[in-house]
Amino acid sequence: MPAPLPLAGLRVLDFGHTVMGPSCGVVLADLGAEVIRIEPPEGDRTRRLGGFGTGFFATYNRNKTSLALDLKDPRGKAVLERLVPSADVLIENYAPGTMERLGLGWEQLRAINPGLVYCALKGFLPGPYEDLPALDEVVQMQGGLAYMTGLPGRPLRAGTSVVDIMGGVFGVVGILAALRQREATGQGQKVQSALFESVAFMVGQHMAAGAMAGERVPPMTARRITWAIYDVFAARDGQVFVGVTSDQHWQRLAARLGLTALAADPALADNAGRVAGRDRIMPELERIFAGMSVAEVLELGRAVRIPCAPVAHPEDLFSDPHLLASGIMGETQLRDGLTVPLPMTPLHFEDAPLTLRRQPPLVGEGTAGLLAEIGISAEEQAALAAAGILALPAAETAA
């Protein structure tokens, strides 16, 4: 039998919405914590997003239950306060001051549960900007990531909610550290993660490079060449990336492709020489790869042990053989009649495999049992539901 998951026994109240908060909660849920998604009775608005946000809810809310409460009503808040003493962790990513106005800020809840680890995921850590609104795309611009991603003069956001997810995962790191400290002190604490500082952490390498060069670094699309062969090539039926980052890589690749003159040229023996002689190397590689299929280039790369990869579309990952074999893909229900494999938290534990244990919850799914646990009878639940204070799925109402 597999061992219990690493975070089994932890109870998390997840007030997250959109991506940053739910991504923090879903990592804890995948690792075995009991994560209770707190949302309004009509359901979190992320459930109804279209366009780019269509898949947000299903992607970041598996392995959770749902407690749908009107926290603006004193009766709904009273229900939540009865649950707080049993919680180990609370996650929230509301705008600054929202939880405090609801009476659910850190200072208010620590009085109810001194051992609570309260994770506030915000746009900015404490400082001059802390009360400003922020979004993933806003801080990508503000933190230099969009500048480094786009063409010169044309900043471009990254192609996924990279900062929301990074901030959420840093929240997990802070939560686990605070829980470890609680083992020694018996006390919880407030821990914060933020979008802007997460961007700063990611672009730190560019900050260092600019300082060392004594000038502003260009975008990655106009970057100075570090390795001579580190680029996307056009194959016969698609595109493929090939990276040659060592002298051994070069010698093996050149020998396999029959580039004997180039391989024997002492001027190209090291990377600096190959960078200087790139105008001699690249046309030859472009010509050869253009006559090969993507599969043939990949087979070649694996044979000579150099990094290479197809330029894939996200939907290609549904059938990627490695992902399907790795165990991180969970068959996730996106809506009635549509279930697809989506990647879960990308970790492997030898004794406790991560699995999809629960589909993304319906609004209020799990509420009845949870409230019964804290002493709220079925009759009280029905009265609260009739008053619009909480939502109960039809099956739970009937039960």
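Residues numbered from 1 in each chain as written. Predicted model: local features only at pLDDT ≥ 70, side-chain atom pairs only at ≥ 80, totals over all residues. Heavy atoms only, no water.

This model, assessed by the stated rule, comprises 18 salt bridges. Across the salt bridge formed by Lys 122 and Glu 92, the nearest N and O atoms sit 2.9 Å from each other. Taken together, the positions of Lys 122 in strand β5 (residues 117–122) and Glu 92 in strand β4 (residues 89–92) put the pair 30 residues apart, joining distant regions of the chain. Residue classification places Lys 122 among the buried residues on the basis of a relative accessible area of 12%. According to the relative accessible area criterion, Glu 92 is buried, its value standing at 2%. One salt-bridge network, in which partners are shared between bridges, spans Arg 11, Glu 34 and Glu 373. (Salt bridge = Lys/Arg side-chain N within 4 Å of Asp/Glu carboxyl O. Helix = DSSP H or I, 4+ residues; strand = E, 2+ residues; numbered from the N terminus. Buried < 20%, exposed > 50% of the residue type's maximum accessible area, 1.4 Å probe, protein only.)

We now examine the sheet that holds strand β9 (residues 308–310). The strand order across the open sheet built from three strands is β7-β8-β9, with neighbouring strands paired in antiparallel fashion. With partners counted over all chains shown, the strands left at the sheet margins are β7 (229–235) and β9, one partner each. If you compare each strand with its neighbour and ignore which way they point, the axes differ by 20 degrees on average. Taken together, the three bridges between strand β8 (residues 238–244) and β9 define a ladder with antiparallel strand orientation. Directly across from Val 242, in β9, lies its bridge partner Cys 308. Of the strands in this sheet, β7 and β8 touch helix α13 (residues 278–290), which is tilted by about 30 degrees from β7. (Pairing = 2+ DSSP bridges. Axes fitted to C-alpha atoms, helices over the stretch in contact; angles between N-to-C directions. Contact = heavy atoms within 4.5 Å.)

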